[in-house]
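# Structural features, examined
Now for the letters of each chain:
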Amino acid sequence: MAAGQTSQHLTRWHLPFFAIWTGQTVSLIGSKVAQFALVWWLTQLTGSATVLATATMVALVPEILLGPIAGAYVDRWNRRVVMIVADGTIALASLWLAYLFWSDAMQVWHVYVIMLVRAVGGSFHWPAMQASTSLMVPREYLTRVAGLNQTMNGALNIIGAPLGALLLELLPLYDVMLVDVGTAMLAIVPLCFVSVPQPRRAGVDAESVQTASIWADMRDGLRYIWDWPGLVVLIGAAMIFKIALTPAFSLLPLLVSEHFSGNAAQLSLLEAILGTGIVLGGLLLSAWGGFRRKIHTVLMGMLIMGLGLVVLGLTPGGMFWLALASVFVMGLMISLVDGPIMAILQGTVAPEMQGRVFMLMGSLLWLTSPFSLAIAGPVSDWLGLRVWYVTAGVLCEVIGLAGFFIPAILNIEHNHNGPAVVESKPLAPVPVPVDVEVD
């Protein structure tokens, strides 16, 4: 593609896409602030770990149980409408919270309801946004966009809590909830003016799609994954990777206090360094784009991540600076693993299957969290906390190294059994026409 053509091509897709992306990013900031405010309110009101754990589990259940069903509906519904409704539902939930705080009628069970509503909205919104990205962004730029998403997520982890604490100092709780309402509305506005491409199922008419059973759609999604060996192996590897990684981050407070004899300041420094690594890793991925074969970037990231975990587990108690360096490297590698995986899926999974595939994969990965924590606790108590970090690091090393010798993994970007031809409706933004080329 010539330089002039590249510039024109970029202009034709990046304006509508980043209009939506920016609105969603602003909405996520509001959600982080609201989440922090709710958790802090629960902490001050009850001081109960059980209450906080229950709130967390309420938020996780829809992701695990509703995910496959939500993905199937996302594939048959208009994805722009799905995102508008999801954002609108979350905004209404926050507006209700604002009223409850204003009227001094707020109770603990209200938080559980809100967490549930927000999680249900997220179960529909996330796959709709990710599946739309693959139709709005040219394939060669998907990895860079994934890097931007990693940067944004890392930045939110850094600024979310401080911003929430600042707003709690400046505003009453009901106004903090109204901030979330306002940011959600800012996410909805671009969606009202920029059209999102909707894929058509190859060889299937619209009437057949609507009359087909949702369970049949879910079975099609499972069959699509099962018939693609590379995707099955990739999901399995991602599950093992998450089983190793989730407890490693959850046990960091204990590692700091017991092994490094640290305090809250050292823990906050460790977490800030981790977040900084994620942000810089996302920026690196956005600028670099990764290796030509995205899977090589993923496998390299797993290898270096494993090394960072092993070093963290073997670091002597008097060398906290080495722990900071290890965590920084781990943060960098999180972006270089997660970003290219999403780009691979967006670039190879048939557009009309992406909602189901993304949410089935997401549900499986969410399931690993309680499972891995249930294993890591007893193992760490029995053999010592540092053993888990070394074990997790070795697991990541084995996965990353094995991937280079498994053809199904190495060829995942070029070999799959999905439909070869998918028709997509052209973008027709309203009211201002915007011509977006979909690769």
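Treat the numbers as computed from the prediction; the structure is a model and nothing was measured.

Turning our attention to the overall build of the chain. Tallying secondary structure elements over the chain gives 16 helices and 2 strands in all. Expressed as a percentage of its 439 residues, the buried residues of the chain come to 50%. Restricting the contact set of the chain to residue pairs at least 6 apart, pairs at least 24 apart contribute 89%. Of the roughly 19400 Å² of accessible surface on the chain, a fraction of 70% belongs to carbon and sulfur atoms.

A separate point is the environment of I225. Mapped onto the elements, I225 comes out in helix 8 (residues 214-226). Sequence separation of I225 and I235 is 10 residues, and the distance between their C-alpha atoms is 9.4 Å. When residues no more than four places from it in sequence are discounted, the contact partners of I225 are L231, V232, I235, V357 and L360.

Okay, unusual backbone geometry next. Positive phi outside glycine occurs at D104, with the angle close to 60°. Checked against the element boundaries, D104 lands in the loop between helix 3 (79-102) and helix 4 (108-136). A positive phi angle, close to 50°, is found at S261, a residue other than glycine. According to the relative accessible area criterion, S261 is exposed, its value standing at 60%.

With that out of the way, let us pick up the packing of helix 12 (residues 294-314) against helix 13 (residues 320-348). It is at 8 Å that the axes of helix 12 and helix 13 come closest, and there the two elements cross at 155°. With respect to their mutual orientation, helix 12 and helix 13 come out roughly antiparallel. In terms of crossing hand, the pair formed by helix 12 and helix 13 is left-handed. By residue class, the composition of the contact of helix 12 with helix 13 is 22 nonpolar, 4 polar and 1 charged.

Glancing now at the packing of aromatic side chains. The way to describe two aromatic rings as a pair is by their centre distance and the angle between their planes. For the structure shown, the criterion picks out 13 aromatic pairs. Judged by centre distance (5.6 Å) and plane angle (35°), the rings of W13 and Y141 are tilted. With W13 in helix 1 (residues 3-46) and Y141 in the loop between helix 4 and helix 5 (142-170), the pair connects residues that are 128 residues apart, well separated along the chain. As far as the burial class goes, W13 and Y141 line up, both buried. Relative to F101, the ring of W41 has its centre 5.6 Å away and its plane inclined at 85°; by these criteria the two rings are edge-to-face.

What follows concerns the nonpolar core. Counting 62 residues, the largest nonpolar core has I295, M305, L309, L312 and Y389 as the members making the most contacts within it. The dominant element in this core, judged by the number of residues it contributes, is helix 13, at 14 residues. Every residue in contact with L309, bar those within four places of it in the chain, is listed here: L245, A248, M330, Y389, V390, A392, G393 and C396. A128, M129, Y141 and V145 belong to the second largest nonpolar core, which has 22 residues in total.

A word on the environment of V137. As for its placement among the helices and strands, V137 is situated in the loop between helix 4 and helix 5. On a C-alpha basis, the gap between V137 and F17 in space is 7.3 Å, while along the polypeptide they are 120 residues apart. When sequence neighbours within four positions are dropped, the list of residues in contact with V137 reads W13, F17, L142 and V145.

Okay, the confidence of the model for the chain next. Residues with a pLDDT of 70 or more make up 87% of the chain, whose mean pLDDT is 79. Below pLDDT 50 for its whole length, residues 1-10 participates in 8 contacts with residues either more than four positions away or in separate chains. This stretch, residues 417-439, has a pLDDT under 50; its non-local contacts, to residues over four places away or in other chains, come to 50 contacts.

Here the focus is the pattern of salt bridges. By the definition in use, this model includes 5 salt bridges. A salt bridge links D75 to R79; the nearest nitrogen and oxygen atoms lie 2.9 Å apart. Its relative accessible area of 0% is what places R79 among the buried residues. We note a salt bridge from D220 to R223, for which the minimum N-O separation is 2.9 Å. Here D220 and its partner R223 are both found in helix 8, 3 residues apart, which amounts to about one turn of the helix. What makes R223 partly exposed here is its relative accessible area of 45%. The structure contains a network of salt bridges with shared partners spanning D75, R79 and R356.

Rules of the game
Residues numbered from 1 in each chain as written. Predicted model: local features only at pLDDT ≥ 70, side-chain atom pairs only at ≥ 80, totals over all residues. Heavy atoms only, no water. Helix = DSSP H or I, 4+ residues; strand = E, 2+ residues; numbered from the N terminus. Buried < 20%, exposed > 50% of the residue type's maximum accessible area, 1.4 Å probe, protein only. Contact = heavy atoms within 4.5 Å. Areas by Shrake-Rupley, 256 points an atom, 1.4 Å probe, with all protein chains shown as cover. Axes fitted to C-alpha atoms, helices over the stretch in contact; angles between N-to-C directions. Parallel < 35°, antiparallel > 145°, perpendicular 65-115°, else oblique. Left-handed = near helix turned anticlockwise from the far one by under 90°. Nonpolar A, V, L, I, M, F, W, Y, C, P; charged D, E, K, R; others polar. Phe/Tyr/Trp six-rings, centres within 6.5 Å; stacked < 30°, edge-to-face > 60°. Core = buried A, V, L, I, M, F, W, Y, C linked by side-chain atoms within 4.5 Å. pLDDT = per-residue confidence, 0-100. Salt bridge = Lys/Arg side-chain N within 4 Å of Asp/Glu carboxyl O.

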